[in-house]
Amino acid sequence: MRRSPSTLNRLIGAVAGVVLAAAGAIALATPAQAASLTQVTGFGSNPGNLAMYAYRPDNLPANSPAVVLLHGCTQNASGYFAGSGWQKYADQWKFALIVAQQPSGNNANSCFNFFEAGDTARGQGEALSIKQMVDHAKANFAVDGSRVYVSGLSAGGAMSAVMLATYPDVFAAGSIIAGIPYRCATSMVNAFSCMNPGTDKTPAAWGDLVRGAYSGYTGPRPRVAIWHGASDTTVTPLNGTESRDQWTNVRGISQTPTSTSSLPGNTSLEVYGNDEVRLYRVSGMGHGTPVDPGSAADQCGTAGAYFLDTICSTYRDALFFGLNGGGGTPTPTATPTTGPTPTASPTPTPTPTAPATCVTASNYAHVAAGRAYQSGGYAYANGSNQRMGLYNTFYTSTLKQTAANYWVIGC
């Protein structure tokens, strides 16, 4: 559903000055390899009238993961691709990037329409267009359909929540940066009250909104990382807390963290459940994607308007998604304040913890609880990557936790 010119004009006046950087403000970095960000056409019926761009590193192997990136208002695909630092890790760990772009013809400020019912429901509008981009990548780039992820900033962060809610069967995990909970906003008017001062609901009420996005779905739900600047006045920090409430409820876990840690860049990390939901709070940071320019393993991005020099959120998200494939481990810079230091990769070097946790359940239940993942019809233990057997409700396995997010078969 497209908006009338008058509606678009109201949106321009309301959001100008509080949304993200102007399109093209960040120049596209020259890649070290021959690969480049390239527009893809004819990827589907595209009911949301979005543009698709793709980045495939040289020598990308078959069955590689993919990450969908969703820019903020007044940004574009190339600017977000360059500024966020995702290319560095795509080149290093060999995964594809799918970058959606909102044209100004859909929204005068190039915001994804996270507040329009026709664009935020399964099988409709912009949400379906983004899903069709993933389908195209799976069919044409040999992307592993069980390892597809999504990340976005601001309006793109809100749209990331839309994709996690409407297509839990497509996305294994996602990242919501300075976004709002799914279906907080259902019109342009209440979009602004959701952004600031924010909306307070019970975890169950938030969770019901997600469950209603794909009624009857009983499969595994995505893991979710939430990032929010503590000094964000555009999308207030309450939204980070409310998003935490929404996704912990969806996962069926407590709103009390199992561990908290202090990270670089004045960042605190709260981990919920078995590393199923994360909430990063960046002290002193305003509205934008956290980046940390530099050449170290945990540094990335280009500082600028709405790319804020604090901590490389992309590195943390890539590890949380398990994109390093065992080829990289988190830099030990976190200082635990309560509980064990969480690890973001599904393939960390195991560090024994005591007492060990043993769980016997169906392989389906293990995946749903975040103890395992599924690929090609089989379940695999997080961390050890041991094959547990068929991914269904009838095949039962016993898993033992030997470190944060590290499970082995047997007890």
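Structure: see above.
Below or above, wherever it landed, is the structure these notes cover. (Residues numbered from 1 in each chain as written. Predicted model: local features only at pLDDT ≥ 70, side-chain atom pairs only at ≥ 80, totals over all residues. Heavy atoms only, no water.)

With that settled, the discussion passes to the overall build of the protein. When you go through the protein residue by residue, the secondary structure sums to ten helices and 19 strands. Restricting the contact set of the protein to residue pairs at least 6 apart, pairs at least 24 apart contribute 68%. For the protein, the accessible surface area stands at approximately 14500 Å², while carbon and sulfur atoms represent 53% of it. (Helix = DSSP H or I, 4+ residues; strand = E, 2+ residues; numbered from the N terminus. Contact = heavy atoms within 4.5 Å. Areas by Shrake-Rupley, 256 points an atom, 1.4 Å probe, with all protein chains shown as cover.)

Val68, Leu70, Ile130, Phe171 and Trp247 are the most contacted members of the largest nonpolar core, which totals 43 residues. Those residues within four positions of Ile130 in sequence are excluded, and the remaining contacts are Leu50, Val68, Leu70, Ala100, Met159 and Met163. Membership of the second largest hydrophobic core comes to 41 residues, among which are Phe95, Ala178, Val291 and Cys300. (Core = buried A, V, L, I, M, F, W, Y, C linked by side-chain atoms within 4.5 Å. Buried < 20%, exposed > 50% of the residue type's maximum accessible area, 1.4 Å probe, protein only.)

Time to look at the side chain of Asp275. Positionally, Asp275 belongs in the loop between strand S9 (267–272) and strand S10 (277–282). In this structure the side chain of Asp275 is engaged in a polar contact, spanning 2.8 Å, whose partner is the side chain of Arg278. (Polar contact = N/O pair within 3.5 Å; in protein donor to acceptor, adjacent residues only side chain to side chain.)

The calculated volume of the largest pocket comes to roughly 720 Å³. Where the lining of the largest pocket is concerned, the elements lending two or more residues are strand S5 (143–153), helix H9 (313–321) and strand S15 (372–375). Ranked by the residues each element gives to the lining of the largest pocket, the list is headed by S5, at five residues. Residues that form the lining of the largest pocket fall into these classes: 17 nonpolar, 14 polar and six charged. (1 Å grid on protein atoms, 1.4 Å probe; cavity = no way out; pocket = protein on both sides within 12 Å on 5 of 7 lines; lining within 4 Å. Points joined across faces, edges and corners; volume = space filled by probe spheres on them. Nonpolar A, V, L, I, M, F, W, Y, C, P; charged D, E, K, R; others polar.)

Moving on to the packing of aromatic side chains. Applying the stated rule across the entire model yields twelve aromatic pairs. On the basis of an interplanar angle of 45 degrees and a centroid distance of 5.7 Å, the ring pair of Tyr89 and Tyr315 is categorised as tilted. A residue pair is termed long-range when its members are at least 10 positions apart, and Tyr89 in helix H3 (residues 86–93) and Tyr315 in helix H9 qualify at 226 residues. Each member of the pair, Tyr89 together with Tyr315, is buried. With a centroid separation of 4.8 Å and 10 degrees between ring planes, the pair formed by Tyr149 and Phe321 is classed as stacked. One end of the pair, Tyr149, is in strand S5; the other, Phe321, is in helix H9, and 172 residues separate them in sequence. Summarising the burial analysis for this pair, Tyr149 and Phe321 share the class buried. An aromatic cluster is defined as three or more aromatic residues linked by ring pairs; in this entry it consists of Trp86, Phe95, Tyr149, Phe320 and Phe321. When the ring centre of Tyr214 is taken as origin, the NZ or CZ atom of Arg122, which lies over that ring, is 3.8 Å away. (Phe/Tyr/Trp six-rings, centres within 6.5 Å; stacked < 30°, edge-to-face > 60°. Lys NZ or Arg CZ within 6 Å of the ring centre and 35° of its normal.)

Here we come to the packing of helix H7 (residues 203–211) against helix H8 (residues 238–251). Running from N to C, H7 and H8 point in directions that differ by 65 degrees, and their axes come no closer than 8 Å. Looking at the two axes, H7 sits roughly perpendicular to H8. When the axes of H7 and H8 are compared, the crossing they make is right-handed. The residues of H8 that touch H7, namely those facing Pro203, Ala204, Trp206, Gly207, Leu209, Val210 and Arg211, are Glu242, Asp245, Gln246, Trp247, Asn249 and Val250. Taken together, the residues of the contact of H7 with H8 sort by class into seven nonpolar, three polar and three charged. (Axes fitted to C-alpha atoms, helices over the stretch in contact; angles between N-to-C directions. Parallel < 35°, antiparallel > 145°, perpendicular 65-115°, else oblique. Left-handed = near helix turned anticlockwise from the far one by under 90°.)

Look at the link from Asn196 to Pro197: it is a cis peptide, with omega at 20 degrees. Residue position: Pro197 is located in the loop between helix H6 (188–195) and H7. A positive phi angle, near 65 degrees, is found at Thr74, a position not held by glycine. Structurally, the position occupied by Thr74 is in the loop between strand S3 (64–70) and helix H2 (77–84).

Looking now at the pattern of salt bridges. Overall, the coordinates contain ten salt bridges when judged by the stated rule. Notably, a salt bridge pairs Arg223 with Asp275, separated by 3.6 Å at the nearest N-O pair. Of this pair, Arg223 sits in strand S7 (residues 223–229) while Asp275 sits in the loop between S9 and S10; the two residues are 52 residues apart in sequence, bridging distant segments of the chain. Given the relative accessible area of 13%, Arg223 is considered buried. (Salt bridge = Lys/Arg side-chain N within 4 Å of Asp/Glu carboxyl O.)

By the element assignment, Asn196 lies in the loop between H6 and H7. Once you skip the residues sitting within four places of it in the chain, Asn196 turns out to touch Thr233, Thr234 and Thr236. At a separation of 2.7 Å, a polar atom in the side chain of Asn196 contacts the main-chain carbonyl oxygen of Thr233.

Bringing the pairing of S3 into the picture now. Most of S3 sits out of view: seven of its seven residues are buried. In this sheet, S5 lies alongside S3 in parallel orientation, the contact comprising six bridges. Pairing of Val67 across the sheet is with Tyr149, part of S5. Bridge analysis of S3 against strand S4 (residues 96–101) gives five bridges, and the strand direction is parallel. (Pairing = 2+ DSSP bridges.)

Here Thr120 shows up in the loop between S4 and helix H4 (125–140). Distance in space between the C-alpha atoms of Thr120 and Tyr182 is 8.8 Å, their sequence separation being 62 residues. Not counting chain neighbours up to four residues away, the residues in contact with Thr120 comprise Asn113, Phe114, Phe115, Val162, Thr166, Tyr182 and Arg183. Polar side-chain contacts of Thr120 include one of 3.3 Å to the side chain of Arg183.

Attention now moves to the packing of H3 against H9. Between H3 and H9, the least distance of the axes is 9 Å, while the angle of their chain directions is 40 degrees. One way to sum up the angle between H3 and H9 is to call them oblique. For H3 against H9, the interelement crossing comes out right-handed. Across from Trp86, Tyr89 and Trp93 in H3, the residues of H9 making contact are Thr314, Tyr315, Asp317, Ala318, Leu319 and Phe321. Looking at the contact of H3 with H9 residue by residue, the classes come out as seven nonpolar, one polar and one charged.

Just geometry here; none of it tells us what the structure is for.
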